Amino acid sequence: MNPERHEGTQAVDESVFEIKDCALIAIATGESAATLKELLNVISHITSASIYHHFWGGLLLPRFEEREFNNDFASWAKRKLDDDKLAEQLALISPTDYPDLDALRQALIDVIMERMNEYDCLPWLPASTELEFLRSQIVVFDTHVRVTRPRELADVIPDLSPSTIFYHFIDSRRRTADGIDDFRAWLANWEECSGLCNKLADIDPYFDTLNKLRSQITAVFTDFFKGG
């Protein structure tokens, strides 16, 4: 299941790439966890929109320093549960390695259960602060920018907002039939852009900021068209 979204429906002209922007709104689920056992229980049944939020939502939050951990579960294990080993194990989970959110959920469950089995007392040790589970609702905006050729897309990418990069390069993987970003889905209309698509496929969007991700995408487009 995808995170909830508010987006109007309309006929789509596949020859035109419509640049969209978005905002990710965090909404309380009413669920929380104070121990590792409670964390496991909530993760086992919480809406997949919450799993999505706690892995990806932090990318859209304004920050003045680099995040120590890329997902909220690892951060909570480190800072509130004081479990460095679990934090490191959770931090290694990349959502891009899994075909859907249910598979990602299972990866979380496996790591937590393995850690719980190491010591009898671990499941019941209380954290200093509960983890409040949130879910994501995506609101999509039309920027009214349109491109009709791949080179035009290359020209506009350096000026796209971080949230536009999020929408087209990250959130799109939950929308497209093949689980790929919007750029590759559209560029597939041009056989000569297969090499460009392969380079974009090599970019992992999870471990960098959106600004750095935009720079990587820009570099791929720039190198491709210089070579062309």
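Residues numbered from 1 in each chain as written. Predicted model: local features only at pLDDT ≥ 70, side-chain atom pairs only at ≥ 80, totals over all residues. Heavy atoms only, no water.

### A short note on the confidence of the model for the protein chain
Here comes step 1: When pLDDT is averaged along the protein chain, the result is 90; 90% of the residues meet or exceed 70.
Here comes step 2: Every residue in residues 1-12 scores below 50 in pLDDT, and together they form 27 contacts with partners more than four places removed in sequence or on other chains. (pLDDT = per-residue confidence, 0-100. Contact = heavy atoms within 4.5 Å.)

### A few points about the packing of aromatic side chains
Here comes step 1: Taken as a whole and judged by the stated rule, the model has 12 aromatic pairs.
Here comes step 2: On the numbers, 5.2 Å between centres and 80° between planes, the contact of Trp56 with Tyr206 is edge-to-face. Here Tyr206 lies in the loop between helix H9 (194-201) and helix H10 (210-227) and Trp56 lies in helix H2 (residues 48-56), a separation of 150 residues in the sequence.
Here comes step 3: With a relative accessible area of 3%, Trp56 lands in the buried category.
Here comes step 4: Measuring from centroid to centroid gives 5.1 Å for Phe224 and Phe225, while their planes differ by 85°, and the two rings are edge-to-face.
Here comes step 5: Taking the relative accessible area as the measure of exposure, Phe225 reaches 16% and is therefore buried.
Here comes step 6: One aromatic cluster in this structure is built from Phe17, Phe169, Phe183, Trp186, Trp190, Phe221, Phe224 and Phe225.
Here comes step 7: We note Arg173 situated over the ring of Phe169; from NZ or CZ to the ring centre the distance is 4.8 Å.
Here comes step 8: Over the ring of Tyr167 we find Arg175; its NZ or CZ atom is 4.0 Å from the centre of that ring. (Phe/Tyr/Trp six-rings, centres within 6.5 Å; stacked < 30°, edge-to-face > 60°. Helix = DSSP H or I, 4+ residues; strand = E, 2+ residues; numbered from the N terminus. Buried < 20%, exposed > 50% of the residue type's maximum accessible area, 1.4 Å probe, protein only. Lys NZ or Arg CZ within 6 Å of the ring centre and 35° of its normal.)

### Details of the environment of Val111
Here comes step 1: Structurally, the position occupied by Val111 is in helix H5 (residues 101-116).
Here comes step 2: Residue class for Val111 comes out buried when judged on its relative accessible area of 16%.
Here comes step 3: The contacts of Val111, once residues within four sequence positions are left out, are Leu86, Gln89, Leu90 and Ile93.

### Some words on the pattern of salt bridges
Here comes step 1: One pass over the full model with this rule turns up 12 salt bridges.
Here comes step 2: In this structure, Lys85 and Glu118 form a salt bridge, with 3.1 Å as the shortest nitrogen-oxygen distance. In this pair, Lys85 sits in helix H4 (residues 84-91) while Glu118 sits in the loop between H5 and strand S3 (131-147), placing the two residues 33 residues apart along the sequence.
Here comes step 3: For Lys85, a relative accessible area of 38% gives the class partly exposed.
Here comes step 4: With its nearest N and O atoms 3.7 Å apart, the salt bridge here joins Asp102 to Arg105. Taken together, the residues Asp102 and Arg105, both in helix H5 and three residues apart, mark about one turn of the helix. (Salt bridge = Lys/Arg side-chain N within 4 Å of Asp/Glu carboxyl O.)

### Section: the nonpolar core
Here comes step 1: Counting 66 residues, the largest nonpolar core has Leu39, Phe73, Leu90, Leu153, Leu200, Ile217 and Phe221 as the members making the most contacts within it.
Here comes step 2: Ranked by the residues each element gives to this core, the list is headed by H5, at eight residues.
Here comes step 3: Residues contacting Ile217, with those up to four places away along its chain left out, are Ile157, Ile165, Phe169, Phe183, Leu200 and Ile203. (Core = buried A, V, L, I, M, F, W, Y, C linked by side-chain atoms within 4.5 Å.)

### Here's the deal with the packing of H2 against H5
Here comes step 1: One can describe the packing of H2 onto H5 by two numbers: an axis separation of 10 Å at closest approach and a directional angle of 70°. As judged from the angle between their axes, H2 and H5 are roughly perpendicular. From H2, Ser48, Ile51, Tyr52 and Phe55 reach across to H5, where they touch Leu101, Leu104, Arg105 and Leu108.
Here comes step 2: By residue class, the composition of the contact of H2 with H5 is six nonpolar, one polar and one charged. (Axes fitted to C-alpha atoms, helices over the stretch in contact; angles between N-to-C directions. Parallel < 35°, antiparallel > 145°, perpendicular 65-115°, else oblique. Nonpolar A, V, L, I, M, F, W, Y, C, P; charged D, E, K, R; others polar.)

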